[in-house]
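If you want the building blocks of each chain, they are given just below.
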Amino acid sequence: MPATAPSAFLDPKVLARISNLELLARTVVDGFINGLHRSPYLGLSLDFAEHRAYMPGDDIRRVDWRLYARTDRYFVKEFEADTNSNFVVLLDGSRSMSYVGTGVPKFDYARYLAACLTYFAREQRDRVGLAVFDEDVVEYVPPSARHRDVILHTLDRLKPGTGRGKLAPPLLRIADRLRRRGLTVLISDLYEPPEAVLDAVKPLRGRGHDLIVFHLLDPTELDFPFDEATNFEEIETGERIPVVPQALRDRYRQLVRDHIATLSRKFTESRVDYAMFNTGMPLDHALFAFLSARERLNRVR
């Protein structure tokens, strides 16, 4: 499967004008799924698996009317995606996520991404959950088939926290709460050394969860396009540091490239799916990366 999305999609700055988070998620996901319908990558959610008896509350559009004509009984089509597995988004709400550069504010991009993934997972009939953390777990919605709207409302009212980001303690507490194995998606700027990040996700992997990591960075965090010599503020500590950008730009960019390359290599060695996202990228790139990773996971199970 190619690494690029099947079609260009909505600019996240355009999406940011949609104030209703559920509408935003539905807009992105429905458009993404329509794009899949026009592409060869049809199998994951639409492969027929079996029939089951119709139950009150089932979508009438899923009734197999041909089978009804032969048997005079109502049956619903089940698909491969009807797994009812647990799907939980782990959202970093620490102070560094409040950074605003030239793209969509990083925390807003993270909320949109979390909403779209949750909406998408629920469309695939997974039980959906959410954990938001900074130094500790600040919001927790346990996985359930009925919690999509709760999660969207929680994301809608979230603001980035004031706590420092330290992944290990909150991820350990979240791993203790997730008693049933499932698919977890970590959305963070990974504002720690790669070794610390890898140590932090070990409890999740150790308990058998499949893990996908989405690493969010603003365009200015990648390119460091500043020209004017001034005091830069370290976002987590508030420490102010005098910087001459021209003197540091090349070294800064190299450090960022090394950080990303090390994370990618170490996550691959640990069999964790990792993707870095520029917050100027359309959200369907993230959905496509998610779907690709999920397909790989399904293949090896």
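Shown above is the structure to which this text applies.
## With respect to the overall build of the chain
Link 1 in the chain: Secondary structure assignment for the chain yields 11 helices and 10 strands.
Link 2 in the chain: Counting every position in the chain, which comprises 301 residues, the buried fraction comes to 45%.
Link 3 in the chain: Of the contacts formed within the chain by residues at least 6 apart in sequence, a portion of 76% connects residues at least 24 apart.
Link 4 in the chain: Summed over its atoms, the accessible surface of the chain is roughly 15,300 Å², and 50% of this surface lies on carbon and sulfur atoms.

## Quick word on a nonpolar patch on the surface
Link 1 in the chain: A surface patch of nonpolar side chains, amounting to about 420 Å² of accessible area, comprises Tyr54, Ile60, Trp65 and Tyr74.
Link 2 in the chain: Take tyrosine 74: its relative accessible area is 44%, and that puts it in the partly exposed class.

## Focus on the side chain of glutamate 221
Link 1 in the chain: Examined against the element boundaries, glutamate 221 turns out to sit in helix H9 (residues 219–223).
Link 2 in the chain: Look at glutamate 221 and you get buried, because its relative accessible area is 14%.
Link 3 in the chain: At 2.8 Å, the side chain of glutamate 221 forms a polar contact with the backbone nitrogen of aspartate 218.
Link 4 in the chain: Setting aside anything within four residues of it in sequence, one finds glutamate 221 in contact with Tyr99, Lys106, Tyr252 and Val256.

## So, the sheet that holds strand E6 (residues 182–188)
Link 1 in the chain: The strand order across the open sheet built from 6 strands is E5-E4-E3-E6-E7-E10, with neighbouring strands paired in mixed fashion. On the outer flanks of this sheet lie strand E5 (137–144) and strand E10 (273–278), each paired with one strand and no other. Neighbour-to-neighbour, the strand axes of the sheet open up by a mean angle of 15°, direction not taken into account.
Link 2 in the chain: With 6 bridges joining them, strand E7 (residues 210–217) and E10 adopt parallel strand pairing. The partner of histidine 215 across the bridge, within E10, is methionine 276.
Link 3 in the chain: Packing of helix H6 (residues 148–157) onto the sheet brings it into contact with strand E3 (86–92), strand E4 (127–133) and E5, and relative to E4 it is tilted by some 25°.
Link 4 in the chain: Where helix H8 (residues 194–206) meets the sheet, it contacts E3, E6 and E7, and its direction lies at approximately 150° from that of E7.

Basis of the calculations
Residues numbered from 1 in each chain as written. Predicted model: local features only at pLDDT ≥ 70, side-chain atom pairs only at ≥ 80, totals over all residues. Heavy atoms only, no water. Helix = DSSP H or I, 4+ residues; strand = E, 2+ residues; numbered from the N terminus. Buried < 20%, exposed > 50% of the residue type's maximum accessible area, 1.4 Å probe, protein only. Contact = heavy atoms within 4.5 Å. Areas by Shrake-Rupley, 256 points an atom, 1.4 Å probe, with all protein chains shown as cover. Patch = residues over 30% accessible without salt bridge, like charges linked within 9 Å, V, L, I, M, F, W, Y side chains within 5 Å. Salt bridge = Lys/Arg side-chain N within 4 Å of Asp/Glu carboxyl O. Polar contact = N/O pair within 3.5 Å; in protein donor to acceptor, adjacent residues only side chain to side chain. Pairing = 2+ DSSP bridges. Axes fitted to C-alpha atoms, helices over the stretch in contact; angles between N-to-C directions.

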